[in-house]
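Chains, contacts and geometry: an overview
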Amino acid sequence: MAKILICDDEAALRAVIKRYAVFEGHEVMDAGDGMEAVELCRNNIFDIIIMDIMMPELDGFSAVKEIRKFSDTPIIMLSARGEEYDKVLGFELGVDDYVVKPFSSKEIMLRIDAILRRVGKSKPAKRDDEGHVIFEKDGLKADMTAYKVFIDGVEVDMAPKEYDLLFFLIRNKNIAVPREKIMTEVWGFDYCGDDRTLDTHMKLLRKSLGPYAHFIKTLRGLGYRLDG
């Protein structure tokens, strides 16, 4: 079973997708605009998000941009248009799939299942009995839902950006992540500082991790990788 967020300003469309998703055993929440979707993502952990482009309050592209600042949950973008520009922009923002309206309920469910299968094979963390997303390696434990990190059973207090950096690296475990991508994803598209900021925060993060600082590898000329 997966937890799915459906965001579209058409209530009838949300209802149809929700009916099929629930029938297949998934848990579903829905939103009528981008701002509502962002808030739901801040307060819930979803396995996949279905996001329309054209919506009031906050359009789908802007909503995805905000969500990607704190979550790498797979996103399927919906659009009544099939222009290449829309598709390119969506994929640049980190969208996993793009579906042009009208589409059949069977098609959208097949796409959801395909992404869930792919993500499930490489998921870097697990959920505990309370639904918290947990990463554990040796004496390092990160509760990515509660924003808590434990070193050998003792909780450590870290700065907000240290949590963001660590959780981003965990979500990209065993992947070489370029410096530019880290800056974009953790600090945001509108960040105007230099990359020394990243080096400083990475040093602080390693200090906080203590004996497990070596999990984070520096890739000269490229970026960083968290070995798990």
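Above this text sits the structure in question.
Source: prediction; values computed, not measured. (Residues numbered from 1 in each chain as written. Predicted model: local features only at pLDDT ≥ 70, side-chain atom pairs only at ≥ 80, totals over all residues. Heavy atoms only, no water.)

Moving on, we get to the sheet that holds strand β13 (residues 223-226). Pairing is antiparallel across the open sheet formed by 3 strands, whose spatial order is β11-β13-β12. In this open sheet, the two strands that pair with only one neighbour each are β11 (177-178) and β12 (216-219). Across 2 bridges, β11 lies against β13 in antiparallel orientation. Bridge pairing links V177 to Y224 in β13. Helix-sheet contacts for helix α8 (residues 196-209) involve β12 and β13, and the interaxial angle to β12 is about 150°. (Pairing = 2+ DSSP bridges. Helix = DSSP H or I, 4+ residues; strand = E, 2+ residues; numbered from the N terminus. Contact = heavy atoms within 4.5 Å. Axes fitted to C-alpha atoms, helices over the stretch in contact; angles between N-to-C directions.)

As a further point, take the state of the cysteines. Chemically, a disulfide is nothing more than a covalent bond linking the sulfur atoms of two cysteines. Scanning the model with the defined rule gives 0 disulfides in all. Free of any disulfide, C7 has its nearest neighbouring cysteine sulfur in C41, separated by 8.4 Å. The class for C7 is buried, based on a relative accessible area of 0%. A relative accessible area of 9% places C41 in the buried class. (Disulfide = S-S within 2.5 Å. Buried < 20%, exposed > 50% of the residue type's maximum accessible area, 1.4 Å probe, protein only.)

Okay, the sheet that holds strand β5 (residues 97-100) next. Ordered in space as β2-β1-β3-β4-β5, the 5 strands form an open sheet in which the pairing is parallel. For this open sheet the edge positions go to β2 (27-31) and β5, each flanked by a neighbour on one side alone. Here the average twist between neighbouring strands, direction ignored, is 20°. Sheet analysis places strand β3 (residues 48-52) next to strand β4 (residues 75-79), joined by 4 bridges and oriented parallel.

Take the packing of aromatic side chains next. Enumeration according to the criterion identifies 4 aromatic pairs in this entry. On the basis of an interplanar angle of 50° and a centroid distance of 6.1 Å, the ring pair of Y163 and F167 is categorised as tilted. Taken together, the residues span about one helical turn, with Y163 and F167 both in helix α6 (residues 160-171) at a distance of 4 residues. Both residues of the pair, Y163 and F167, count as buried. Put simply, the rings of Y147, Y163 and F167 pair up and form one aromatic cluster. Over the ring of F46 we find K3, and its NZ or CZ is 5.5 Å from the ring centre. Residue placement shows K161 over the ring face of W187; its charged tip is 5.9 Å from the ring centre. (Phe/Tyr/Trp six-rings, centres within 6.5 Å; stacked < 30°, edge-to-face > 60°. Lys NZ or Arg CZ within 6 Å of the ring centre and 35° of its normal.)

All right, on to the environment of V149 then. Looking at the secondary structure, you find V149 in strand β9 (residues 148-151). For the pair formed by V149 and L166, sequence separation is 17 residues and the distance between their alpha carbons is 9.5 Å. V149 has contacts with L140, K141, A142, V154, E155, V156, M158, Y163, L166 and F167, leaving out every residue within four places of it along the chain.

Axis separation between α6 and α8 bottoms out at 9 Å; the angle between their running directions is 85°. With respect to each other, α6 and α8 are oriented roughly perpendicular. Contacts between α6 and α8 involve K161, E162, L165, L166 and L169 on the former and, on the latter, L198, H201, M202, L204, L205, S208 and L209. Tallied by class, residues from the contact of α6 with α8 come to 8 nonpolar, 2 polar and 2 charged. (Parallel < 35°, antiparallel > 145°, perpendicular 65-115°, else oblique. Nonpolar A, V, L, I, M, F, W, Y, C, P; charged D, E, K, R; others polar.)

To continue, consider the packing of α6 against helix α7 (residues 179-187). In contact at an axis separation of 10 Å, α6 and α7 are set at 125° when each is read in the N-to-C sense. With respect to each other, α6 and α7 are oriented oblique. Considering the relative orientation of α6 and α7, their crossing is right-handed. Contacts from K161, D164, L165 and F168 of α6 reach α7 at K181, I182, E185, V186 and W187. Its residues assigned to classes, the contact of α6 with α7 shows 5 nonpolar, no polar and 4 charged. (Left-handed = near helix turned anticlockwise from the far one by under 90°.)

Take the pattern of salt bridges next. When charged atoms on two side chains of opposite charge get close, those side chains can pair. Applying the stated criterion across every chain, the model contains 14 salt bridges. Residue R14 is joined to D30 by a salt bridge in which the shortest nitrogen-to-oxygen separation is 3.0 Å. Here D30 lies in strand β2 and R14 lies in helix α1 (residues 11-23), a separation of 16 residues in the sequence. For R14, a relative accessible area of 15% translates into the label buried. As a salt-bridge pair, E39 and R42 come within 3.8 Å of each other at their nearest N and O atoms. Here E39 and its partner R42 are both found in helix α2 (residues 34-43), 3 residues apart, which amounts to about one turn of the helix. The exposure class of E39 is partly exposed, given its relative accessible area of 44%. Residues joined by salt bridges that share partners form a network here, namely D8, E10, D52 and K101. (Salt bridge = Lys/Arg side-chain N within 4 Å of Asp/Glu carboxyl O.)

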